[in-house]
Amino acid sequence: MKLWGGRFCEQTDEQADHFHSSLSFDKRLYKQDIKGSMAHAEMLGKQGIIPKSDSDLIVKTLGEILADIESGKLAINNTAEDIHSFAESELIARIGDPGRRLHTGRSRNDQVALDMRMYVKDEIDEICKVLASLLEALLSSAKNHTRTIMPGFTHLQKAQPVTLAHHLLAYFQMFKRDYERLCDCLKRTDEMPLGSGALASTSYPIDRYFIKDKLGFADITANSLDAVSDRDFCIEFVSCLSLIMMHLSRFCEELILWSTDAFDFIEISDAYSTGSSIMPQKKNPDMAELIRGKTGRIYGSLMGLLTMMKGLPLTYNKDMQEDKEAVFDAADTAKSCLSVFCGMLKNLKFKTGNMYKSALGGYTNATDVADWLVKKGLTFREAHEITGKLVLYAIDRQLPINELTLDEIKSLSNVFDKTLYDAISVEACVKARNIPGGSAEDAVLKAIEKAEDFLQKKHFSSHQRGL
Ligand code: ARG
């Protein structure tokens, strides 16, 4: 049954009917849709817009429809145009005329905006929870490795020694920003659009604040034209997810590299690896690769949404129905990537001995040789030049700087003395970087404290906002 058949004389073409139907994918909004309708119906009764007895019956029956869908008793079939038509026609089939009053003072345009906002709010909550467990996993791993020395890289070339804790905490910062970004996105999503009608609001004396409170929104939308044609919150949400995926993808890339024979910094657990059908020795980091790969898919959703909205005249246009699959897929994908990644991380074995050995090579202490010379009064440029020559000398002999004799070292500058050796051990290099945000153990311990603080406050603030 069509909700809008009155004005039409001919049947919709069968293919066109199939083409414009969104039920196959928007049926997953059934909970949001029905809860929104229940709040709307209750408000209509309270305001005397429809008889209280009808409103009560609608609310009760919608509750039953919801329960029947959840228990599997009622299947969401594919003859309705969308989830809104499905729920309304099921209501009318069950109670007749009172059901025909539900859509008073409402349009599917503000209804679908409401459903999507409720859905995105729920997803933000879910994703924040998975992000929080990832942050916790990173922090607990970092705590175990404040003294685990590894090479830090630039250009994927060994650069300076750091600790594994410092490296893991770099990711903590990225995912913390992601968490905060989602909380920020929530603020703009948390506005209740019902009352906007098709576009120009409604002439019925509806109570928008009642619905807002009933559905747990922070505020109501401010402009009816904007409210029915705004999908910024979807775009913002998927762009938050894109950044999460970018961070996951970078981390995955490192895990893939680190698990190679060339790096040999980690062993990914069997539970998160796969084998080869022909090469018996293989253990492949498929999960990490797949997460890296799925990043493109979420960027694709973001591009799709941005392009879909570009150039749309106010207000609602059917183009906007295309928001759903992009948002749903991005949310599902990001959630599964985050939780698989979290499991993989918790089960990783760090080969700390290999990390340490690797940090000893590649002249990662060269900056510290130059810094030592600066302490003796040279300018940094002079020190850089001398150290560069020293590195060249050492490369020629295939030795690290520490293994050259003092005479050899002195041949490049008379300023050098034997106290250099202690100052340029990898341990000393790390220890020297004791400033806020630095890689020294003391600095990292302070960073850990702050991170712990953030996780505690985060729980507090999420309780506050009722998540
Ligand atoms: N299925 C539609 C969507 O997702 C619902 C809104 C329909 N409104 C309309 N005027 N055709 O956008």
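It should be emphasised that the depicted structure is a prediction, and the values quoted were computed from it without experimental measurement.

## Observations regarding the overall build of the protein
A tally of helices and strands in the protein yields 19 helices and six strands. Along the first, second and third principal axes, the C-alpha set of the protein runs to 100 × 50 × 40 Å. Here the protein, with 467 residues, has 49% of them falling under the buried criterion. Considering only intrachain contacts with a sequence separation of at least 6, the fraction spanning at least 24 residues in the protein is 76%. Total accessible area on the protein is roughly 22800 Å²; 52% of this is exposed by carbon and sulfur atoms.

## Quick look at unusual backbone geometry
Along the chain, L314 connects to T315 via a cis peptide bond; the corresponding omega equals 0°. Tracing the sequence through the fold places T315 in the loop between helix 11 (286–309) and helix 12 (323–346). Although it is not a glycine, S201 sits at a positive phi angle of roughly 75°. Summarising the element assignment, S201 is placed in the loop between strand 3 (191–192) and helix 8 (208–214). A positive phi is found at Q398, a non-glycine position, where the angle reads about 50°. As for its placement among the helices and strands, Q398 is situated in the loop between helix 15 (380–396) and helix 16 (406–410).

## Some remarks on the site of the ligand
Lining the immediate surroundings of the ligand are S22, D26, D82, H84, R108, N109, V112, Y316, Q321 and K324. N109 places a polar side-chain atom, nitrogen or oxygen, 3.0 Å from a nitrogen atom of the ligand. Between the ligand and Y316, the relevant distance is 2.5 Å, taken from an oxygen atom to a side-chain nitrogen or oxygen of the residue. Of the residues in the shell around the ligand, the class split is two nonpolar, four polar and four charged.

## Overview of the pairing of strand 2 (residues 157–163)
Here six bridges tie strand 1 (residues 149–154) to strand 2, and the two strands are oriented antiparallel to one another. Residue pairing for strand 2: F153 is matched across the bridge by K158. Between strand 1 and strand 2, which pair antiparallel and follow one another directly, the connecting turn spans two residues, one of which, H155, has a positive phi of 55°.

## Quick look at helix 5 (residues 83–95)
In a regular helix each residue adds 1.5 Å, so 13 residues correspond to 18 Å; helix 5 covers 18 Å between its end C-alpha atoms and thus fits that length. Here helix 5 lies mainly inside the structure; ten of its 13 residues are buried. Within helix 5 the residues assigned to the buried category are I83, H84, S85, F86, A87, E88, E90, L91, I92 and I95. The secondary structure elements touched by the buried residues of helix 5 are helix 2 (23–26), helix 3 (30–46), helix 4 (52–71) and helix 6 (108–144). Of the residues one or two after helix 5, G96 is the one with positive phi, at around 70°.

## Quick word on the nonpolar core
F237, L248, W258 and F341 are the most contacted members of the largest nonpolar core, which has 111 residues in total. When residues in this core are grouped by element, the largest group, 17 residues, is from helix 6. Excluding residues that lie within four positions of it along the chain, F341 makes contacts with L134, L248, F251, C252, L255 and I291. Ranked by size, the runner-up nonpolar core spans 18 residues in total, among them Y363, L378, A383 and I409.

## Side note on a nonpolar patch on the surface
Side chains of L199, L225 and L314 sit close together on the surface and give an oily, nonpolar patch of about 270 Å² of accessible area. Mapped onto the fold, L314 is located in the loop between helix 11 and helix 12.

## A short note on the packing of aromatic side chains
A full pass over the atoms with the stated rule returns eight aromatic pairs. With centroids separated by 5.8 Å and ring planes inclined at 55°, the aromatic side chains of W258 and F265 adopt a geometry described as tilted. Taken as a pair, W258 and F265 share a single burial class, namely buried. Measuring from centroid to centroid gives 5.8 Å for W372 and F416, while their planes differ by 20°, and the two rings are stacked. Placement of W372 in helix 14 (residues 366–375) and of F416 in the loop between helix 16 and helix 17 (419–423) is noted, with a sequence separation of 44 residues between them. By the burial criterion, W372 is buried, and F416 matches it. Chaining the aromatic ring pairs together yields one cluster made of F153, W258, F263 and F265. Directly above the aromatic system of F454 lies the positively charged group of K176, at a separation of 5.2 Å from the ring centroid.

## Side note on the packing of helix 6 against helix 10 (residues 232–258)
Between two packed helices, what matters for the description is the angle formed by their axes and the separation of those axes. Where helix 6 contacts helix 10, the axes come no closer than 10 Å and their chain directions differ by 25°. By the angle between their axes, helix 6 is roughly parallel relative to helix 10. The way helix 6 lies across helix 10 gives a crossing that is left-handed. From helix 6, A113, M116, R117, V120, E123, I124, I127, L131, L134 and L138 reach across to helix 10, where they touch F233, C234, F237, L241, I244, L248 and F251. Its residues assigned to classes, the contact of helix 6 with helix 10 shows 15 nonpolar, no polar and two charged.

## Quick word on the pattern of salt bridges
The tally for this structure, following the rule as stated, stands at 37 salt bridges. The network of salt bridges with common partners includes D68, K73, E90 and R94.

## Re helix 12
Residues separated by three or four positions in an α-helix point in the same direction, a consequence of the helix having 3.6 residues per turn. For helix 12, with 24 residues, the first-to-last C-alpha span of 35 Å sits near the 34 Å given by 1.5 Å per residue. Counted residue by residue, helix 12 has 17 buried out of 24 residues, so it is predominantly covered.

## Brief notes about the packing of helix 3 against helix 6
Between helix 3 and helix 6, whose axes approach to 9 Å, the crossing angle comes to 120°. When the interaxial angle is binned, helix 3 and helix 6 end up oblique. Taken as a pair, helix 3 and helix 6 cross one another with a handedness that is right-handed. Here Q32, D33, K35, G36 and S37 of helix 3 lie close against helix 6, whose contacting residues are Q111, L114, D115, M118, Y119 and D122. Of the residues assigned to the contact of helix 3 with helix 6, the class counts are three nonpolar, four polar and four charged.

About the cut-offs
- By convention here, each chain's residues receive numbers from 1 onward along its written sequence.
- Local features in this predicted model are restricted to residues whose pLDDT is 70 or higher, and side-chain atom pairs enter the listing and the counts only when it is 80 or higher, whereas totals over whole chains, interfaces and linings include all residues.
- Neither water nor hydrogens contribute to the side-chain values; these are computed over all heavy atoms in the structure.
- By definition, any uninterrupted DSSP run of H or I lasting at least four residues is a helix, any uninterrupted run of E lasting at least two residues is a strand, and each is numbered from the N terminus.
- Three labels apply to residues, based on accessible area from a 1.4 Å probe with only protein chains included: buried if under 20% of the type maximum, exposed if over 50%, partly exposed otherwise in between.
- By the convention used here, residues are in contact when the closest approach between their heavy atoms is within 4.5 Å.
- All accessible-area figures derive from a Shrake-Rupley calculation using a 1.4 Å probe, and residue coverage is judged against the displayed protein chains alone.
- The near set for a molecule or strand comprises every residue that places at least one heavy atom within 4 Å of it.
- As used in this structure description, the phrase polar contact means that two N or O atoms lie within 3.5 Å; if the pair is within protein, one of them must be able to donate a hydrogen and the other to accept it, and residues adjacent in sequence are counted only when both atoms belong to side chains.
- When residue character is reported, Ala, Val, Leu, Ile, Met, Phe, Trp, Tyr, Cys and Pro are called nonpolar, Asp, Glu, Lys and Arg charged, and the others, Gly included, polar.
- The pairing criterion is simple: DSSP has to find at least two bridges between the two strands.
- One less than the residue count of a helix, multiplied by 1.5 Å, gives the span that helix is expected to have.
- Among the buried residues, those of types Ala, Val, Leu, Ile, Met, Phe, Trp, Tyr and Cys that are joined through side-chain atoms within 4.5 Å form a nonpolar core.
- A patch consists of residues whose relative accessible area exceeds 30% and which take part in no salt bridge; residues with like charges are grouped when within 9 Å of each other, and nonpolar side chains (Val, Leu, Ile, Met, Phe, Trp, Tyr) when within 5 Å.
- What makes a salt bridge here is a side-chain nitrogen of Lys or Arg within 4 Å of a carboxyl oxygen of Asp or Glu, nothing more.
- Ring pairs are drawn from Phe, Tyr and Trp, using the six-membered ring of Trp, whenever the two centres fall within 6.5 Å, and their geometry is named by plane angle: stacked under 30 degrees, edge-to-face over 60, tilted for the rest.
- In our convention, an over-ring charge means Lys NZ or Arg CZ found within 6 Å of a ring centre and within 35 degrees of that ring's normal.
- Only the stretch in contact is used when a helix axis is fitted, and all axes are lines through C-alpha atoms; the angle between N-to-C directions ranges over 0 to 180 degrees.
- Geometric relationships in this document are graded by angle, where less than 35 degrees denotes roughly parallel, more than 145 denotes roughly antiparallel, 65 to 115 denotes roughly perpendicular, and other angles denote oblique.
- By convention, the crossing between two helices is left-handed when the near helix turns anticlockwise from the far helix through less than a right angle, and right-handed when the turn is clockwise.

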